[in-house]
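Here are the chains, one letter per residue:
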Amino acid sequence: MDKFETYSDEELICILRSGHSEVMDYLLNKYKNLVKSLAGSYYLPGADEQDILQEGMIGLFKAVRDFDVNKDASFATFARICIQRNIQTAVQKANRKK
């Protein structure tokens, strides 16, 4: 995994899309702490901390999948937004079911 440290996130996305699937593991691991910090500020009724963390990781996965390297936003900013929105959506859905 150390071989990817010299690349920017945007370059890593391009490498991933060219067929190097191991980059996905690197990016998920790299942003795992961001997911943990964002997930810590949410409460999901009827769920434990791992459920919120999983929703955050799904948001991160979607960020990697949907990031457009031709836009002016950085991947880190886009990932933060995707993670937060995915967690918020899960919390809203859980609150609706009550």
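Our subject is the structure that appears above.
Residues numbered from 1 in each chain as written. Predicted model: local features only at pLDDT ≥ 70, side-chain atom pairs only at ≥ 80, totals over all residues. Heavy atoms only, no water.

Caption draft 1: Looking closely at the pattern of salt bridges. Scanning the entire structure with this criterion turns up two salt bridges. Of the charged contacts, one joins Lys30 and Asp9 as a salt bridge, the two residues approaching to 2.6 Å between their closest N and O atoms. Here Asp9 lies in helix α1 (residues 9-17) and Lys30 lies in helix α2 (residues 22-30), a separation of 21 residues in the sequence. For Lys30, a relative accessible area of 39% corresponds to the partly exposed category. Asp66 serves as the salt-bridge partner of Arg65, at 2.8 Å between the closest nitrogen and oxygen. Under the relative-accessibility criterion, Arg65 is labelled partly exposed at 48%. Judged by relative accessible area, which is 41%, Asp66 ranks as partly exposed. (Salt bridge = Lys/Arg side-chain N within 4 Å of Asp/Glu carboxyl O. Helix = DSSP H or I, 4+ residues; strand = E, 2+ residues; numbered from the N terminus. Buried < 20%, exposed > 50% of the residue type's maximum accessible area, 1.4 Å probe, protein only.)

Caption draft 2: Structural context of the nonpolar core. In terms of nonpolar packing, the biggest core is built from 30 residues, with Leu12, Val23, Leu27, Leu60, Val64, Phe75 and Ile83 touching the most fellow members. Elements supplying a minimum of two residues to this core: α1, α2, α3 (32-39), α4 (49-66) and α5 (75-96). With residues near it in sequence (within four places) discarded, Val64 still touches Ile13, Leu16, Arg17, Met24, Leu27 and Phe75. (Core = buried A, V, L, I, M, F, W, Y, C linked by side-chain atoms within 4.5 Å. Contact = heavy atoms within 4.5 Å.)

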